[in-house]
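A closer look at the structure
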Amino acid sequence: MEIINSQLIGTGACLPDFVLTNAMLEHMVDTNDEWIVQRTGVRERRIAKNMHTWELALGAAQDALADAKIDAGELDLILVSTCTPDTNTPNTAAILQNKLGAGAIGAFDINNACTGFVSATDIADCYIKSGKAKTVLVVSAETLSRIVDYTDRGTCILFGDGAAAAVYRATEDDNLGIQSTFIAADGSGAEYLRMEALPVEDPFAEDRTVDPKARFLKMQGAAVVRFTARAVPQAIDTALQRAGITADDIDWVVPHQANLRILDVIARRYHLPKEKVYVNMDRFGNTSSASVPICLNEMRRNGLLREGQTIVCTGFGGGLTYGAFVLKL
């Protein structure tokens, strides 16, 4: 049987210019730089002022296509992961397909919160392996500042905005590309990290006033950390097993940038030097589904990703969802 893998051929990113520092947050909520850094590792984050999610997605997509040295007309499918779309319909991927001039191809969104890029990569890989697509664009774009309550110090210190993208292309070289994927969910923890989309109400009621803070993200931090401690090792272990490799074969772990303490746990769990677990959350905070591809793009542009390396990417968050994939360069 012919083996088809999904090779990473390009990455890109689009980050807002405005930088929200911890010093600025000190004037907004009862917090301080030392407290934030010790508990999260975040020093600053980007905020998209008066920008649409699709605008960030477009910038990241154009950057990734240029890096891959292809044009939009060569794409067979566009996937966008976001939990902060501008509209429920049309979906962000359809808007992006039009803005890119990609032609009449499939385009749809995935809302899997912080696991979104891993989930979208899994779907892209399935399309490529089945032969239904040769080249797939995956874009993760988030404007989390629109759902953050800047009077809640438990959440506003964490999140930032940004977008990043990856282009995958079919290859018959079984030593290249995605070697395995794993995705899962545990909906019993849905209440731990949630935001309202549309209110649950009587549509015929005279008064349909909605709490203005209903759309804000709400998080039970301790419960999410407990979930992560269980879910991340399961995701990585399963992806490694499916790829037929061990932790000794890993050159880089590229995790969702949720909390520096969690990333330290990953390093200890797999007996990896901290230098092998990529971290940029000090500069960008938690950008949900965009965090893993933002890391990959930085690593690629800075020459950290090299031919022959084995990369493990993992995501975890709202849903609760979790997953991982193994990528060979």
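Everything that follows concerns the structure shown earlier in this document.
Anyway, here's the lowdown on the structure attached to this text. Quick caveat: nothing in here was measured; it's all calculated off a predicted structure. (Residues numbered from 1 in each chain as written. Predicted model: local features only at pLDDT ≥ 70, side-chain atom pairs only at ≥ 80, totals over all residues. Heavy atoms only, no water.)

When its secondary structure is counted, the chain shows ten helices and 13 strands. Its C-alpha radius of gyration of 19 Å places the chain within 12% of the 20 Å reference for a compact globule of 329 residues. Overall, the C-alpha framework of the chain stretches about 60 × 45 × 35 Å when taken along its three principal axes. Counting over 329 residues, the chain shows a buried share of 53%. Contacts in the chain between residues far apart in sequence, at least 24 positions, make up 77% of those at least 6 positions apart. (Helix = DSSP H or I, 4+ residues; strand = E, 2+ residues; numbered from the N terminus. Rg over C-alpha atoms; globule rule 2.2 N^0.38 Å. Buried < 20%, exposed > 50% of the residue type's maximum accessible area, 1.4 Å probe, protein only. Contact = heavy atoms within 4.5 Å.)

The first and last C-alpha atoms of helix α3 (residues 53-68) sit 23 Å apart over 16 residues, in line with the 22 Å expected at 1.5 Å per residue. Within α3, burial applies to Thr53, Leu56, Ala57, Leu58, Gly59, Ala60, Ala61, Ala64, Leu65, Asp67 and Ala68. For α3, the elements touching its buried residues are β1 (5-14), α4 (92-100), β6 (135-143), β7 (161-171) and α10 (291-301). (Expected span 1.5 Å × (residues − 1).)

Our focus in this paragraph is the sheet that holds β6. Read across the sheet, five strands follow the order β1-β7-β6-β4-β5 without closing on themselves; strand pairing throughout is mixed. With partners counted over all chains shown, the strands left at the sheet margins are β1 and β5 (106-110), one partner each. When strand polarity is set aside, the average angle formed by the axes of neighbouring strands in this sheet is 20°. In the sheet, strand β4 (residues 77-81) pairs with β5 via five bridges, with the strands oriented parallel. Bridge pairing links isoleucine 78 to alanine 107 in β5. Set on the sheet, α3 makes contact with β1, β6 and β7; between it and β1 the angle comes to about 125°. Of the strands in this sheet, β1, β6 and β7 touch α10, which is tilted by about 90° from β1. (Pairing = 2+ DSSP bridges. Axes fitted to C-alpha atoms, helices over the stretch in contact; angles between N-to-C directions.)

Attention shifts here to the pattern of salt bridges. A complete count under the given rule lists twelve salt bridges for this structure. The residue aspartate 86 makes a salt bridge to arginine 146 at a minimum N-O spacing of 2.8 Å. With aspartate 86 in the loop between β4 and α4 and arginine 146 in the loop between β6 and α6 (153-156), this residue pair connects regions lying 60 residues apart in the sequence. Its salt-bridge partner being arginine 269, residue aspartate 237 comes within 2.7 Å of it at the nearest N-O pair. Taken together, the residues aspartate 237 in helix α7 (residues 221-243) and arginine 269 in helix α8 (residues 260-269) connect sequence positions 32 residues apart. (Salt bridge = Lys/Arg side-chain N within 4 Å of Asp/Glu carboxyl O.)

Sheet architecture is open: four strands sit in the order β8-β13-β12-β11, paired in mixed fashion. This sheet does not close on itself; its edge strands, each paired only once, are β8 (177-185) and β11 (252-255). Neighbouring strand axes in the sheet, compared pairwise and without regard to direction, differ in orientation by 15° on average. One ladder, built from four bridges, connects β11 with strand β12 (residues 310-317); its direction is parallel. Each residue of the ladder has a partner; that of valine 254, found in β12, is cysteine 313. In the packing of α7 onto the sheet, contacts are made with β8, β12 and β13 (321-328), and the angle to β13 comes to roughly 35°.

Relative to the helices and strands, phenylalanine 325 is located in strand β13. Put simply, phenylalanine 325 and threonine 155 are 170 residues apart on the chain and 28 Å apart in space, counted from C-alpha to C-alpha. Among residues more than four places away in sequence, those in contact with phenylalanine 325 are Phe117, Val118, Thr121, Tyr168, Ser180, Thr181, Ala239, Ile311, Val312 and Cys313.

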